[in-house]
Amino acid sequence: TQEVHDVLHIGNIQAVVIVLLVCHGDIGVAGDARIGRAAADQEHAQHVAAVLGQSPKCVFKTLVTTGKSGSHYVFMLPSDGELDLKKAAKAVGEKSIEMLKSRDLLPLTGYIHGGSSPIGMKKFFRTTVHESAKNYDTIFFSAGKIGYQVEMNPLDLERLIRLQYADIVAVL
């Protein structure tokens, strides 16, 4: 089974955009595209990993937060992980951070809940990626629209946007 792939060139960086068609059925195959039904919000990234046939550890979700200072931060972590707010705050030098309210996401970033990408936000926000991303040749993350994923080498992502790596996942 294959996904619909489109190669995206951003300067000298190449990324693969994977289109996941969304329908009202179970995961199945239609032509060259894998089809799946979107899951509940907190399970969406894990659902994407299942549809892609990838480990949830290499499919990253993108979360936007607000620090006590009022600054905004982007965090990327494996889809099966949970953001540790204390570790995340420490990584960006804040006393504390909290998740951005859903109603504020679109006006601030240009993206809707479930479709946030670290690439192409209205303005750049300091971005921290979980350190495990360095263990993979490529990682998957939202292309900025629900059902669209980017597969990219983390080093290429690092060349595309300024980012740092840190341990930001809660130990459960």
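Being a predicted model, the structure only gives us computed values, none of them experimental.

Per the secondary structure count, the chain includes 4 helices and 12 strands. The buried share of the chain, reckoned over its 172 residues, is 45%. At a minimum sequence separation of 6, the contacts of the chain that also span at least 24 residues come to 55%. Looking at the chain as shown, the accessible area adds up to about 9200 Å², and 51% of this sits on carbon and sulfur atoms.

This brings us to the pairing of strand β7 (residues 72–78). Summarising burial for β7: 6 of the 7 residues are buried, a large majority. When strand β6 (residues 60–67) meets β7, the two strands line up antiparallel, connected through 7 bridges. Paired with Thr-62 across the bridge in β7 is Met-76. In textbook terms, the turn of a hairpin is the stretch between consecutive antiparallel strands, and for β6 and β7 this stretch comprises 4 residues, one of which, Gly-70, has a positive phi near 95°. Bridge analysis of β7 against strand β9 (residues 126–130) gives 4 bridges, and the strand direction is parallel. Bridge pairing in β9 links Met-76 to Val-129.

Let us now look at a nonpolar patch on the surface. Together, Leu-106, Ile-112 and Ile-146 line one region of the surface with nonpolar side chains, adding up to about 250 Å² of accessible area. In this fold, Ile-146 is placed in the loop between β10 (139–142) and β11 (148–152).

One recurring pattern in soluble globular proteins is that nonpolar side chains are buried together. Core analysis: the largest hydrophobic core is formed by 12 residues, namely Leu-63, Tyr-73, Phe-75, Leu-77, Leu-83, Ala-88, Ala-89, Val-92, Ile-97, Ala-166, Ile-168 and Val-169. When contributions to this core are tallied by element, the ones reaching two or more residues are β7 and α2 (85–92). Core analysis: the second largest hydrophobic core is formed by 11 residues, Phe-141, Val-150, Ile-161 and Leu-163 among them.

Enumeration according to the criterion identifies 0 aromatic pairs in this entry. Above the ring of Phe-124, the side-chain terminus of Arg-162 is found at 4.2 Å from the ring centroid.

A word on the confidence of the model for the chain. Looking at the chain, pLDDT values average 79 and 74% of them are 70 or higher. For the stretch residues 1–5, pLDDT sits under 50, and the model shows 20 contacts to residues farther than four places along the chain or on other chains. Considering only residues more than four positions removed or in separate chains, one finds that residues 19–42, a stretch of pLDDT under 50, has 52 contacts.

Residue placement: Thr-65 occurs in strand β6. Owing to a relative accessible area of 0%, Thr-65 belongs among the buried residues under this scheme.

In total, this model carries 5 salt bridges according to the counting rule given. Here Lys-87 makes a salt bridge to Asp-167, at a shortest N to O gap of 3.2 Å. One end of the pair, Lys-87, is in helix α2; the other, Asp-167, is in the segment after β12 (163–166), and 80 residues separate them in sequence. Here Lys-87 falls in the partly exposed class, since its relative accessible area comes to 24%. On the accessibility criterion, Asp-167 (35% relative accessible area) is partly exposed. Between Asp-104 and Arg-103 there is a salt bridge whose closest N-O contact spans 4.0 Å.

Calculation rules
Residues numbered from 1 in each chain as written. Predicted model: local features only at pLDDT ≥ 70, side-chain atom pairs only at ≥ 80, totals over all residues. Heavy atoms only, no water. Helix = DSSP H or I, 4+ residues; strand = E, 2+ residues; numbered from the N terminus. Buried < 20%, exposed > 50% of the residue type's maximum accessible area, 1.4 Å probe, protein only. Contact = heavy atoms within 4.5 Å. Areas by Shrake-Rupley, 256 points an atom, 1.4 Å probe, with all protein chains shown as cover. Pairing = 2+ DSSP bridges. Patch = residues over 30% accessible without salt bridge, like charges linked within 9 Å, V, L, I, M, F, W, Y side chains within 5 Å. Salt bridge = Lys/Arg side-chain N within 4 Å of Asp/Glu carboxyl O. Core = buried A, V, L, I, M, F, W, Y, C linked by side-chain atoms within 4.5 Å. Phe/Tyr/Trp six-rings, centres within 6.5 Å; stacked < 30°, edge-to-face > 60°. Lys NZ or Arg CZ within 6 Å of the ring centre and 35° of its normal. pLDDT = per-residue confidence, 0-100.

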